[in-house]
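Coordinate analysis (summary)
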Amino acid sequence: MVYDYLVVGSGLFGAVFAYEAAKRGKKVKVIDKRNHIAGNIYTEEIEGINVHKYGAHIFHTNSKEIWDYVNQFAEFNRYTNSPIANYRGEIYNMPFNMNTFNKLWGVVTPEEAKAKIEELKAAAGSENPKNLEEQAISLVGTDIYQKLVKGYTEKQWGRKANELPAFIIKRLPVRFTYDNNYFNDRYQGIPIGGYTQIVEKMLTSNLIDVELEQDFFEKKEEHLKTFPKIVYTGMIDQFFDYQFGTLEYRSLQFETSVMDKENYQGNAVVNYTDAETPYTRIIEHKHFEFGHQPKTVITKEYPRNWEKGDEPYYPMNDKKNNGIFNKYRELAEKTPNVIFGGRLGMYKYYDMHQVIGAALSVVTQEFN
Ligand SMILES: Cc1cc2nc3c(=O)[nH]c(=O)nc-3n(C[C@H](O)[C@H](O)[C@H](O)COP(=O)(O)OP(=O)(O)OC[C@H]3O[C@@H](n4cnc5c(N)ncnc54)[C@H](O)[C@@H]3O)c2cc1C
């Protein structure tokens, strides 16, 4: 088949583009270097449970358009993200809300909670915060910072909180209601049967061919000559041979185990907020879909420094890396017939609804 597009990467960005292009009669080849489709939203069934292989994924959006769009490809359940924090065996509700404040200080009304936070903030006296520690204390006071922010943040970034820049925590959401729902968005849920089916359905068209275990860089020059247009969702610095330097990421290591019990922790997401526990959270996948299978599958998440060749998860959008990215972006704008997209192509942390939105705007530009 003579193709109109090569899509590099079968993650959500590449899949939305391929689906929309095929709907308009275009012929598309999709390649991915992994041995499965769906990129980081890939879910795999283990013991009858849909396991989120690249970390917990909860779909949430305020946009009815995006919600309706994704619901074409799967039915979503009523899952509401309500993580809990485990600090040395003490359990607290997240995000910080009246349940958290009641457990910490015994306060019952919002007025009491506000007064307590103000008292702790005043006692800490952190004006003009110079680092993350001072910033967090100026926002929520020392109690919450010590038990629920410090250890978790230090593990996540691999550095002491007083050595991290203040801007990382612009705000810490504090809610004066007894509401444990992590997100404020209007729509939220988990696709019944997992995420992989969404990408599978997007790529099911006789105008789309998918080839797995194909690294774009093995045939970069040939691809550039063969395909009239390329949608590239890999790392932008790699595309340009790292000529302005390497963009940095934070990485994660996942340790997944099958447990011979029905219920391990009673919640899908438990954050470990002390400094001693080496992982940041444990995911118990069955709770995303209210499962009652006889066994359970859990995943421990360990934050890791990233080195070239590791899986890049979170872009480090600091001044230095954003400066490097801007140079690549200028080059990308001058590269005809290649569209850069997705979290690696744009060097940006995108939630799923944002990546769908970004892909749909590229579709509009391309086909209107
Ligand atoms: C730990 C974690 C938790 C998350 N949790 C949530 C959440 O709860 N809710 C939410 O909305 N979002 C969440 N996200 C974000 C979500 O994963 C992304 O929005 C989405 O996966 C981005 O899709 P993408 O297509 O841009 O990238 P990817 O899914 O990364 O797809 C890119 C694809 O390109 C392929 N590729 C790269 N280079 C090459 C190459 N050279 N040749 C061939 N193929 C290549 C890769 O193998 C990959 O399959 C989370 C992300 C992480 C890391």
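Residues numbered from 1 in each chain as written. Predicted model: local features only at pLDDT ≥ 70, side-chain atom pairs only at ≥ 80, totals over all residues. Heavy atoms only, no water.

A few points about the sheet that holds strand β9 (residues 208-211)
Rule in force here: Pairing between two strands requires that DSSP report at least two bridges joining them. Helical segments are the DSSP runs of H or I of at least four residues, strand segments are the runs of E of at least two, and each set is numbered from the N terminus. Between the N-to-C directions of two axes lies an angle of 0 to 180 degrees, each axis being a line fitted to C-alpha atoms and, for a helix, fitted only over the stretch in contact.
Overall, parallel pairing links the five strands, which are arranged β9-β2-β1-β10-β16 in an open sheet. Looking at strand neighbours, the two that pair on one side only are β9 and β16 (338-340), the edges of this open sheet. When strand polarity is set aside, the average angle formed by the axes of neighbouring strands in this sheet is 15°. As paired elements, strand β1 (residues 5-8) and strand β2 (residues 28-31) share four bridges and run parallel to each other. Each residue of the ladder has a partner; that of Tyr5, found in β2, is Val28.

So, the sheet that holds strand β14 (residues 296-305)
Judged by pairing direction, the sheet is mixed, and its seven strands sit side by side in the order β7-β6-β12-β13-β14-β11-β15 without closing on themselves. Two strands in the sheet have a free side with no partner beyond their single neighbour: β7 (90-93) and β15 (314-315). Pairing between strand β11 (residues 249-259) and β14: ten bridges, direction antiparallel. In the strand pairing of β14, Gln253 is matched with Tyr302.

Quick notes on the packing of helix α3 (residues 98-105) against helix α5 (residues 132-157)
Filter applied, for reference: Working definition: roughly parallel below 35 degrees, roughly antiparallel above 145 degrees, roughly perpendicular at 65 to 115 degrees, and oblique for all remaining angles. Throughout, a contact is declared for two residues whenever any of their heavy atoms are within 4.5 Å. As a working rule, the residues Ala, Val, Leu, Ile, Met, Phe, Trp, Tyr, Cys and Pro are called nonpolar, Asp, Glu, Lys and Arg charged, and the rest polar, with Gly in that last group.
The contact between α3 and α5 brings their axes to 12 Å, and the two run at 100°. Here α3 is positioned roughly perpendicular relative to α5, judged by the angle of their axes. In this structure, α3 uses Thr100, Phe101, Leu104 and Trp105 to contact α5, whose residues at the interface are Asp143, Ile144, Lys147 and Leu148. Partitioned by chemical class, the residues of the contact of α3 with α5 number five nonpolar, one polar and two charged.

Topic: helix α2 (residues 64-71)
The α-helix advances 3.6 residues per turn, and as a result positions three or four apart in sequence lie on the same side. Here is the rule we go by: Burial here depends on accessible area, computed with a 1.4 Å probe over protein chains only, as a share of the maximum for the residue type. Under 20% is buried, over 50% is exposed, and the range in between is partly exposed. To be clear, the arc concerns the directions from the helix axis to the C-beta atoms. The definition of a polar contact used here is a pair of N or O atoms within 3.5 Å, where within protein one atom must be able to donate a hydrogen and the other to accept one, and adjacent residues in sequence count solely through side-chain atom pairs.
Taken together, the buried positions of α2 are Ile66, Trp67, Tyr69 and Val70. Seen end-on, α2 carries its buried residues on one side only, within an arc spanning 160°. Looking at the buried side of α2, the elements it contacts are α1 (12-23), β5 (59-61), β8 (187-189), α6 (196-202) and α11 (352-367). The N-terminus of α2 is capped by Ser63, whose side-chain oxygen sits 3.3 Å from the backbone nitrogen of Glu65.

Considerations on the layout of surface pockets
To be explicit about the condition: Grid points spaced at 1 Å over the protein atoms alone were grouped into cavities, where a 1.4 Å probe fits but cannot get out, and pockets, open sets with protein on both sides within 12 Å along at least five of seven lines, with lining residues defined by an atom within 4 Å of a point. Grid points are joined across faces, edges and corners, and a volume is the space filled by probe spheres set on the points.
Of the pockets and cavities examined, the second largest pocket occupies roughly 300 Å³. Put simply, the parts of the chain that give the lining of the second largest pocket at least two residues each are α9 (319-333), β16, α10 (342-345) and α11. Taken together, the residues of the lining of the second largest pocket break down into eleven nonpolar, four polar and three charged.

Thoughts on the side chain of Lys29
Following the sequence through the fold, Lys29 ends up in strand β2. Residues in contact with Lys29, not counting those within four places in the same chain, are Tyr3, Tyr5, Leu6, Val7, Asp209, Glu211 and Phe227.

Topic: the packing of α3 against helix α4 (residues 110-124)
Condition: Here a crossing is taken to be left-handed if its near helix is turned anticlockwise relative to the far helix by less than a right angle, and right-handed if that turn runs clockwise.
Where α3 contacts α4, the two axes come as close as 10 Å, and the packing angle between them is 65°. In terms of axis orientation, α3 runs roughly perpendicular to α4. The handedness of the crossing between α3 and α4 is left-handed. Between α3 and α4, the residues in contact are Met98, Phe101 and Trp105 and Pro110, Ala113, Lys116, Ile117 and Leu120, respectively. Class assignment of the residues belonging to the contact of α3 with α4 gives a composition of seven nonpolar, no polar and one charged.

Some details on the site of the ligand
Quick reminder of the rule: A molecule or strand has a residue near it when one of that residue's heavy atoms lies within 4 Å. Calculation of accessible area relied on Shrake-Rupley with a 1.4 Å probe; when residues are assessed, cover is drawn exclusively from the protein chains displayed.
What surrounds the ligand is a group of 31 residues, the closest being Asp32, His57, Arg343, Tyr350 and Met352. Within the side chain of Tyr349, an N or O atom sits 3.1 Å from a nitrogen atom of the ligand. Calculation on the ligand without its partners gives an accessible area of 1000 Å², and the protein chains cover 97% of this total. Of all the secondary-structure elements, those providing two or more residues to the shell around the ligand are α1, α10 and α11. Among the residues making up the shell around the ligand, the classes are represented as 16 nonpolar, nine polar and six charged.

Details of α11
Here is the rule we go by: Multiplying one less than the number of residues by 1.5 Å gives the expected span of a helix.
In this model α11 runs 22 Å from its N-terminal to its C-terminal C-alpha over 16 residues, within 8% of the 22 Å that 1.5 Å per residue would give. Turning to α11, its buried residues number three or more, namely Met352, His353, Val355, Ile356, Ala358, Ala359, Leu360, Val362, Val363 and Phe367. Tucked inside the fold, the buried residues of α11 contact β1, α1, β5, α2, β16 and α10.

Overview of the pattern of salt bridges
Note that side chains of opposite charge can pair when their charged atoms are close. Here is the rule: One side-chain nitrogen of Lys or Arg within 4 Å of one carboxyl oxygen of Asp or Glu is enough to make a salt bridge.
Counted by the stated rule, this structure contains 17 salt bridges. For Glu44, the salt bridge goes to Lys53, with nearest N and O atoms at 3.3 Å. Of the residues examined, Lys53 reaches a relative accessible area of 30% and is grouped as partly exposed. With its nearest N and O atoms 3.3 Å apart, the salt bridge here joins Lys320 to Glu248. Of this pair, Lys320 sits in helix α9 while Glu248 sits in the loop between α8 (236-239) and β11; the two residues are 72 residues apart in sequence, bridging distant segments of the chain. The exposed category is assigned to Lys320, whose relative accessible area is 51%. Glu248 gets classed as partly exposed once you look at its relative accessible area, which sits at 29%. Here the salt bridges share partners, and the residues they tie into one network are Glu20, Lys23 and Arg24.

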